[in-house]
Amino acid sequence: MNNAVNDGVWSGSWVAERLGVGLEGDDGLPALLGLALRRNPKRAHLLVSNVLGKHVPQSPSVVYGHGFRLGRRVRALLGETPAASAVVLGYAETATGLGHAVADGLGLAPYLHSTRRPVTGIAPAGGFEESHSHATSHLLLPEDPALLAGDGPLVLVDDEFSTGNTVLNTIRDLHARYPRERYVVVALVDMRSPEDTARLQRFADGIGARVDLIAAASGTVRLPDDVLDKGRELVAQHEIGRPDETPEPPHGRITRVDLRWPRGLPDGGRHGFTPAHRARLEAALPAMAARVAEALPTGARHVLVLGFEELMYAPLRLARELEQIAPEIQVRFSTTTRSPVLAVDDPGYAIRTRLVFPAHDDPADGPGERYAYNVAGAGFDAVVAVVDSVADTPALHAGDGLPARLAAHTPHVLLAVVPSYVPTPPVTTPERPAMLPEPLRGPAFSSYPPDEVGWLLQDLSDVTLEAPTEEREEAIQSGGAHYAESLPVEYQPSEQYQRLFHAALDDSAARIAHAVGVVTETVLNEGSPRPVLVSLARAGTPVGILMRRWAQFRHGLDLPHYAVSIVRGRGIDANALRWLAAHHDPRDVVFVDGWTGKGAITRELAQAIQEFEKAEGVTGFDPEIAVLADPGSCVRTYGTREDFLIPSACLNSTVSGLISRTVLRADLVGPDDFHGAKFYRELAGADASMAFLDAVCARFPESTDTVDSAVKELMTEDRTPTWAGWQAVERISEEYGIHDVNLVKPGVGETTRVLLRRVPWKILAKAGAGPDLDHVRLLAEQRGVPVEEVGELPYTCVGLIHPKYTRGATGADGRAVSV
């Protein structure tokens, strides 16, 4: 009874034969749609979707999958950058769940659905009319008024696109308030006539906007001239003496099940639903579905999860999770509805049975009938009715209420109540700003082009933060200050050092290009097909840009790329994570760094993500870091585990877009601010940032074959981190009497940092190390730091910071340390 075709009969044939209605178009249309008769004087027929989960119980995986795939198509159509600024809007009541699933497939956008339920204290941000509907007025009630105010694409989702009037009315209303350049209309079926199509195009041209359409199938409905009269006659004939209009006494058992819905999580998109909200829901679903499974009667094999009018998404996700954890149960999903439809028990008719019950959520349009279709007579062992708390009223539990009507047709009714989310009224001093600032971009901040990286930082360029190296070292080691509270004076390379940098770049560009290709292909093979690169500022930023460029070069992908701050001992910038979760799917985020030393940042990130998830309830971020070089064997995703010279480590800001190391100081960075950094515009004459990137990218074409073979080999290897670097650092710390692993900096990159930014004590160099250490030897000579060759060393070199430094301290050779 719940399929498009019953015993070889299409579920639209009854109406088609009696009204002369024809369905023409794609071959898949009959599988997607059946036909029924509306009890509505404005339109005779109803297209009944078999995959929407409204009138026809269907597998929740099928329902969710259709919407999710449409969302993926939207994402591919828009491209990553426009998709990141999009907003998805679904239509009440029928498409609220579909719109949610499209937003999930898009993965980047917040979701809002229209509603017919006014909410006290929430001012509408818009509204429109649906002329053919039984209930015409739609309200838009976003918690954040800025949700619709952006200029990114607006994605409008409905179950069917019949004439285009509703969409046209929506765009007209919203475009007058929040004009934008692009709209995408999404529907399961596009049934417009050529005239309707032309009318929407003329409207789009008139407002100067682009309107695209994506649908799972398309066609047209052929209607005879007298269809309304014939429809009314048929409805009148079959309404007389309907047996399902007389309530039967309940004989099934009605019990409540406590879902333990996460506190503060919206029950849907009535006031907005962000990717961060979805991540919280994903984390909570397994436990909630398990509670439902435990409450089901023993031996239940055919179970319906029944949503409630606009509340479609939460019960759909719950049903899908139940389907996955209990494969022995045939789970179906549908929802109650306001839509009055004639029921005819015939295999060629889409609505076979109808349950009628009174409204129980104090609707704005007053009391009236509500319906559940194709539930009676379907043979369900149990029905899980899911309503929101606003609808959990005495009317719901009355003798003619929904649970009682269900209990007349199934032996077990479980009632699950989801808390209705009501936005907190705005206060004069919000705990956290509703909208974090947009990323900083060049040329206003950094010398990189704006599309290369967005900096989730605040600009502290006008603040004096630099301190002499010896003062910083003494303060850091004495515990008087954290290293992130000030900046070292930027090292200005001598002509000799600059020549060495460019020579090193010429020598290593091909090796770096190979490593960039390997790490990027590994990320694409093992994670999201369209990852969001998030580099750890600032050493990770050039690597993130190179990975982005490789993805463009090799696959034509335009990957989003951001830079965030992480501070040892303080963790990652939580506000940056909040921004990312609000604009992207956390599961798509890939953290990027230049190299690993002993793995301190790897551990720092893992702990910080764990603490963020616990505090915010946002899950999905993977703390694994993708690096160009992993000599410390600290991560699984890397371009190489060799410790070789990466020229971007040779310089400070002048190879990193002229951006300083990040700053975290309480008097400059508040609890709702991004961490800070400076843009050294005055160093533009010495900037080698683009020269470094371009030199490496020039070697991409010659690297493709070697990268492919290396990645294939890498996929078969055991890449489990051994933390060999950490063990070596602990050994060195004790052997040299330092007794503090934070003062031991392993690897070429970390050693270079010691020489440029700290007070070095001595350098340990692997015996026989060649040109990779030329710049290290030059810097050590300039600063009067001895270089000691060591036979057994897992790194090419290790930098030792002066232990217990005070001004006037001497180096290991007894000479005063030069600063």
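Shown above is the structure to which this text applies.
**As for the packing of aromatic side chains**
For the coordinates displayed, the defined rule picks out 13 aromatic pairs. Ring pairing ties together the aromatic residues F445, Y448, W455 and F679, which thus form one cluster. Over the ring of W723 we find R603; its NZ or CZ atom is 4.3 Å from the centre of that ring.

**Here's the deal with the layout of surface pockets**
By volume, the second largest pocket is sized at about 270 Å³. Lining of the second largest pocket is provided by 17 residues; of these, E526, G527, V590, D622 and T637 occupy positions nearest its centre. Going through the elements one at a time, α13 (495-526), β27 (589-595) and β28 (625-629) are the ones with two or more residues in the lining of the second largest pocket.

**Details of the sheet that holds strand β7 (residues 111-113)**
Read across the sheet, 6 strands follow the order β3-β12-β11-β10-β6-β7 without closing on themselves; strand pairing throughout is mixed. The outermost strands of the open sheet, each flanked by one partner alone, are β3 (22-25) and β7. Within the sheet, the average angular offset between the axes of one strand and its neighbour, ignoring direction, is 30°. Sheet topology places strand β6 (residues 87-90) next to strand β10 (residues 154-161); 4 bridges connect them, and they run parallel. Residue pairing across strands places G90 opposite V157, the latter belonging to β10.

**Some remarks on the side chain of E323**
Tracing the chain through its elements places E323 in helix α10 (residues 313-325). No salt bridge forms around the buried E323; measuring N to O, its nearest opposite-charge neighbour R332 is 4.7 Å away. Polar contacts involving the side chain of E323 include one to the side chain of S59, which spans 2.7 Å. With sequence-adjacent residues up to four places away left out, E323 is seen in contact with S59, P60, S61 and V331.

**Overview of α13**
In a regular helix each residue adds 1.5 Å, so 32 residues correspond to 46 Å; α13 covers 43 Å between its end C-alpha atoms and thus fits that length. At S508, α13 shows its largest bend, some 55°.

What counts and what doesn't
- Residues numbered from 1 in each chain as written.
- Predicted model: local features only at pLDDT ≥ 70, side-chain atom pairs only at ≥ 80, totals over all residues.
- Heavy atoms only, no water.
- Phe/Tyr/Trp six-rings, centres within 6.5 Å; stacked < 30°, edge-to-face > 60°.
- Lys NZ or Arg CZ within 6 Å of the ring centre and 35° of its normal.
- 1 Å grid on protein atoms, 1.4 Å probe; cavity = no way out; pocket = protein on both sides within 12 Å on 5 of 7 lines; lining within 4 Å.
- Points joined across faces, edges and corners; volume = space filled by probe spheres on them.
- Helix = DSSP H or I, 4+ residues; strand = E, 2+ residues; numbered from the N terminus.
- Pairing = 2+ DSSP bridges.
- Axes fitted to C-alpha atoms, helices over the stretch in contact; angles between N-to-C directions.
- Buried < 20%, exposed > 50% of the residue type's maximum accessible area, 1.4 Å probe, protein only.
- Lys, Arg positive; Asp, Glu negative; His and termini not counted.
- Salt bridge = Lys/Arg side-chain N within 4 Å of Asp/Glu carboxyl O.
- Polar contact = N/O pair within 3.5 Å; in protein donor to acceptor, adjacent residues only side chain to side chain.
- Contact = heavy atoms within 4.5 Å.
- Expected span 1.5 Å × (residues − 1).
- Bend = angle between axes of the 7 residues up to and from the residue.

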